[in-house]
Amino acid sequence: MSMIIVKPGLLTTVQDLGRHGAQQYGVIVGGAMDAFALRVANLLVGNDEQAAGLEITMLGPEIYFAEAALVSVCGGDLSPQLNDRTLPLWKTVFAPEGSVLRFGPARHGCRAYLAVAGGVDAPAKMNSRSTYLRAGIGGWEGRALQKGDRLPVGALHAAGKKLASLLADEAQADGVAFSRWSVAPDLLPSYAANPEVRAVAGQEMALFEAESAERFFADAFKVRTDSDRMGYRLSGEGDGLRLKEKRELISSAVTFGTVQVPPDGQPIALMADRQTTGGYPKIAQVASVDLPLLAQTNLGGTVRFRRVSLQEAQRLYLVRENGIRTLRSGLERMQASGNGRV
């Protein structure tokens, strides 16, 4: 089967969980900005969590389903509608043949993730289907989607077929069906326009003036309009964050959520398409569990950082992963019982 892009939206790309194992060669990881949302969307349609879906940014596309499909939309609320009916987030949805999926204004967050049972079957490059726009590799012809693109969808797994059969009893007169099951609210990130994001002290925090280190965890920082998937450029009040003395640092490894401070004193939070190494001093590292909050902060929004210990950041991560495991197990039990209840 295939999906046809009628309108591309502002920036819609094919993404999975990234291109791992090649950073030593200078190849970035990339992948979904909000990996949690993509993972959950895939589970809800019976896919492996690594399957490719669509990352939809701010202004969504219009998509025509030439054949019936099982889909899920997770992440930011960009007002999705299926055949002019409101499509609920964080649920499994059956879209009959000839369905049209549209998006409207962003209610909260700025990125939605569309998973379709079978996964978007774009060509794999270096073991990933993620689009890396700067290099023009991966995804669909290495670019954002355009009008008229016809995206192939892989064959349904057994789990997808079972979920589709469970939804048969939920179908409305137009053939659309929304699942009774959904994700537990306490598992979902608290998406907000101006989030508080937990972070641990960075490798070079001790190089900063005490007042600057304190301000980093006290002030609000605005996400500048020149931010992108590579990094969120942040602007705070005053003259910026200052080092105790000028230092030349040897470039070292960075990762998603590393917060560096260039000479102008305004921090940069590295995002999904970050470089593999960096030489600016690292003042903080965003806790993995809060990366979705950062990824869903729109341009012009503000973010605050709250300091936590490394142990607390690890504990929060394990709690989130346990929640995903519980969701996966619940869906498997429901499929086995055939009663449509998690």
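Look a little higher up for the structure.
From a predicted model like this one, the values you see are computed outputs, not experimental measurements.

Engineer: I'd like a description of the overall build of the chain, backed by residues and values.
Structural biologist: Of regular secondary structure, the chain possesses five helices and 21 strands. At 21 Å, the chain has a C-alpha radius of gyration in line with the 20 Å of a compact globule built from 342 residues. Its C-alpha atoms give the chain principal-axis dimensions of about 70 × 35 × 35 Å. When each of the 342 residues of the chain is scored for burial, the buried share is 55%. Of all intrachain contacts in the chain linking residues separated by at least 6 positions in sequence, the fraction that spans at least 24 positions is 76%.

Engineer: Explain the side chain of glutamine 15 to me, and be specific about the residues and the numbers.
Structural biologist: Take glutamine 15: it is sitting in strand 2 (residues 11-15). Here glutamine 15 falls in the buried class, since its relative accessible area comes to 1%. There is a polar contact of 3.1 Å between the side chain of glutamine 15 and the side chain of threonine 13. Within the structure, the side chain of glutamine 15 is placed 3.3 Å from the side chain of serine 130, a separation counted as a polar contact.

Engineer: Hey, could you go over unusual backbone geometry for me, with residue numbers and the actual values?
Structural biologist: One non-glycine residue with positive phi stands out, namely serine 79, at about 55 degrees. Within the element layout of this structure, serine 79 appears in the loop between strand 5 (69-77) and strand 6 (81-82).

Engineer: How would you sum up the pattern of salt bridges? Please name residues and give values.
Structural biologist: As enumerated under the stated definition, the model contains 21 salt bridges in all. Taking the shortest distance from any N to any O, the salt bridge between aspartate 149 and arginine 143 comes out at 2.8 Å. Taken as a pair, aspartate 149 and arginine 143 share a single burial class, namely buried. With a shortest N-O distance of 3.3 Å, aspartate 219 and arginine 215 are connected by a salt bridge. Judged by its relative accessible area of 17%, aspartate 219 is buried.

Engineer: So what's going on with the pairing of strand 5? Which residues, and what values?
Structural biologist: Consecutive residues of a regular strand have side chains that alternate between opposite faces of the sheet. Buried residues dominate strand 5, accounting for nine of its nine residues. For strand 5 and strand 8 (residues 91-95), the ladder comprises three bridges, and the chain directions are antiparallel. Directly across from alanine 69, in strand 8, lies its bridge partner alanine 95. Direction of pairing for strand 5 relative to strand 10 (residues 108-116): antiparallel, over a ladder of six bridges. Looking across to strand 10, one finds that aspartate 77 is bridged to histidine 108.

Analysis parameters
- Residues numbered from 1 in each chain as written.
- Predicted model: local features only at pLDDT ≥ 70, side-chain atom pairs only at ≥ 80, totals over all residues.
- Heavy atoms only, no water.
- Helix = DSSP H or I, 4+ residues; strand = E, 2+ residues; numbered from the N terminus.
- Rg over C-alpha atoms; globule rule 2.2 N^0.38 Å.
- Buried < 20%, exposed > 50% of the residue type's maximum accessible area, 1.4 Å probe, protein only.
- Contact = heavy atoms within 4.5 Å.
- Polar contact = N/O pair within 3.5 Å; in protein donor to acceptor, adjacent residues only side chain to side chain.
- Salt bridge = Lys/Arg side-chain N within 4 Å of Asp/Glu carboxyl O.
- Pairing = 2+ DSSP bridges.

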